[in-house]
Amino acid sequence: MAVDGTAPVRTGTDPVLSVQDLVVEFSVPRRRTVHAVSGISFDLFAGETLGIVGESGCGKSTAGRAVMQLPRPTSGSVALNGTDLVELGPSALRKVRAQMTMIMQDPISSLNPRRRVKHLVTEGARIWRVHDKKRLDERAREMLTAVGLDPESVWNRLPAELSGGQCQRVCIARAMMLEPQLLICDEPVSSLDVSVQAQIMNLLEETKKKFALSMIFIAHNIAVVKNISDRVMVMYLGKACEIVPSTDMENMVRHPYSRLLLASIPDPERHREQLEPAPEIEGDPPSPLAPPSGCRFRTRCPLAIERCSREEPQMRKMAENHYVACHRV
Ligand SMILES: Nc1ncnc2c1ncn2[C@@H]1O[C@H](COP(=O)(O)OP(=O)(O)OP(=O)(O)O)[C@@H](O)[C@H]1O
Ligand code: SF4
Ligand SMILES: [Mg+2]
């Protein structure tokens, strides 16, 4: 087990997923390289939810997809129940992949527009032969009911005949038909309106408990991530800055970037009393084509010192399940 932020939540148990030093780089024209994910490590335990949060472009989706091996990471290891997926050939990987599934950011475009709900919900389970063929339709109806849809009324509909919230429910039902051990949710509510967001979040939590899933929950909104997660990993420009338990997160966070993210959550009290606006993170994030030397946050960090440009901060343990990468903490 790596020392950087991967301490077990429950000692004595093996992680369902163990990601070590994950690197994902993309080659782009003019011989340049996008450093999308640059060496993140974490463990995920049975029944646990790890939230991943950070600004747009920091590598959250790429990290989630690399866990799924879509695409294969540039380097690092991704062990599911002790089997390193990076080492597996295509056919062995296909078998293991049924144990993990991903719900995408945009529910409507992630569904084939020409397929009806009955096909959308059953097709993965049919391919992976998760259920007896005779039981497949019955199970799909049960799953649609579990996600709050009336199977009779949606069974023959196309995605265009459903609302965004209904499409996301179909995506969740489809994912759950595979009976996965690991569910990766990539911004599953950000394209939905606020009232539907709350319903889908509740549904995800219930589903997770009911099926004893381990979950990675990706979002750029730290308030959303905090509510659903047991631990939160804060990412900045392809790196993990901090891994922190979500309970009492406000008092625990130490990394300057995590603190700014938390402080940026709108506070109704502050708004009502017309006090100072929430602090903002100044400047734009640097390009992942040429990340800054040393600490990647140094160009925007209010606490940066000379050492920050020279030396990359390593993850250090602050407390049980709490790790931070910063020279000034
Ligand atoms: N296939 C690709 N080819 C080249 N660059 C890519 C590719 N996929 C992602 N990137 C780049 O990698 C970086 C990380 O992208 P990613 O989609 O993982 O960010 P994100 O944190 O999920 O952002 P968002 O919150 O906007 O969804 C970005 O700079 C993005 O442009
Ligand atoms: S290492 Fe330096 S630049 Fe990076 S977060 Fe800490 S103080 Fe800021
Ligand atoms: Mg994304």
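All values derive from a computational prediction rather than experimental measurement.

J.: Would you mind going over the packing of helix α4 (residues 136–146) against helix α6 (residues 164–177) with me for this structure?
T.: Two measures define how a pair of helices packs: the angle their axes make with one another and the distance between the axes. One way to put it is that α4 packs onto α6 with a least axis distance of 9 Å and a crossing angle of 135°. Relative to α6, α4 is oriented oblique. Seen along the crossing, α4 lies across α6 with a hand that is right-handed. Contacts between α4 and α6 pair L136, R139, A140, M143 and L144 from the former with A173, M176 and M177 from the latter. Taken together, the residues of the contact of α4 with α6 break down into 7 nonpolar, no polar and 1 charged.

J.: Could you clarify how one ought to interpret the packing of aromatic side chains in this entry?
T.: The geometry of two aromatic rings is summed up by the distance between their centres and the angle between their planes. Applying the stated criterion to the full structure yields 3 aromatic pairs. Geometrically, the ring pair formed by Y236 and Y257 is edge-to-face, given 4.9 Å between the ring centres and 65° between the ring planes. With Y236 in strand β9 (residues 231–236) and Y257 in helix α10 (residues 256–263), the pair connects residues that are 21 residues apart, well separated along the chain. Residue Y257 is classed as buried on the basis of its relative accessible area, which comes to 0%. A ring pair is formed by Y236 and F297, whose centres lie 4.9 Å apart and whose planes are at 75°; its orientation type is edge-to-face. Within this pair, whereas Y236 is found in strand β9, its partner F297 is found in the loop between α11 (268–272) and α12 (306–310), the two being separated by 61 residues in sequence. Here the aromatic residues Y236, Y257 and F297 are joined through ring pairs into a cluster of three or more.

J.: It is not clear to me how the site of ligand 1 should be interpreted in this structure. Could you clarify?
T.: With respect to spatial proximity, 15 residues lie near ligand 1, and among them S56, G57, K60, S61 and T62 are the closest. One of the backbone nitrogen or oxygen atoms of G59 is found 3.0 Å away from an oxygen atom of ligand 1. The fraction of the free accessible surface of ligand 1 (640 Å²) that becomes covered by protein chains is 66%. At 3 residues, the largest contribution of residues to the shell around ligand 1 is made by helix α1 (residues 60–67). Class assignment for the residues of the shell around ligand 1 results in 6 nonpolar, 6 polar and 3 charged.

J.: Would you mind showing me how to read the pattern of salt bridges here?
T.: Once their charged atoms are close, side chains differing in charge can pair, the charge on each being opposite to the other. Using the criterion set out here, one finds 15 salt bridges in the structure. A salt bridge links R231 to E48; the shortest N-O distance between them is 2.6 Å. You can see R231 sitting in strand β9 and its partner E48 sitting in the loop between β2 (32–44) and β3 (49–53), a full 183 residues away along the chain. The exposure class of R231 is buried, given its relative accessible area of 3%. R139 serves as the salt-bridge partner of E142, at 2.7 Å between the closest nitrogen and oxygen. Of this pair, E142 and R139 both sit in helix α4, 3 residues apart, roughly one helical turn. What makes R139 buried here is its relative accessible area of 14%. Within this structure, R135, E138, R139, E142 and E179 form a network of salt bridges that share partners.

J.: Looking at this model, I keep getting lost on the nonpolar core. Mind explaining?
T.: Most often, soluble globular proteins have nonpolar side chains that are buried together. Core analysis: the biggest nonpolar cluster contains 58 residues, and L183, L204 and F217 have the highest contact counts within it. Here the element with the most residues in this core is α6; it accounts for 8 residues. The contacts of L204, once residues within four sequence positions are left out, are I103, I172, L183, C185, P188, F217 and I228. If you look at the next biggest cluster of nonpolar residues, it comprises 35 residues, including L22, A63, M235 and A240.

What counts as what
Residues numbered from 1 in each chain as written. Chains lettered and ligands numbered in written order. Predicted model: local features only at pLDDT ≥ 70, side-chain atom pairs only at ≥ 80, totals over all residues. Heavy atoms only, no water. Axes fitted to C-alpha atoms, helices over the stretch in contact; angles between N-to-C directions. Helix = DSSP H or I, 4+ residues; strand = E, 2+ residues; numbered from the N terminus. Parallel < 35°, antiparallel > 145°, perpendicular 65-115°, else oblique. Left-handed = near helix turned anticlockwise from the far one by under 90°. Contact = heavy atoms within 4.5 Å. Nonpolar A, V, L, I, M, F, W, Y, C, P; charged D, E, K, R; others polar. Phe/Tyr/Trp six-rings, centres within 6.5 Å; stacked < 30°, edge-to-face > 60°. Buried < 20%, exposed > 50% of the residue type's maximum accessible area, 1.4 Å probe, protein only. Near = heavy atom within 4 Å. Polar contact = N/O pair within 3.5 Å; in protein donor to acceptor, adjacent residues only side chain to side chain. Areas by Shrake-Rupley, 256 points an atom, 1.4 Å probe, with all protein chains shown as cover. Salt bridge = Lys/Arg side-chain N within 4 Å of Asp/Glu carboxyl O. Core = buried A, V, L, I, M, F, W, Y, C linked by side-chain atoms within 4.5 Å.

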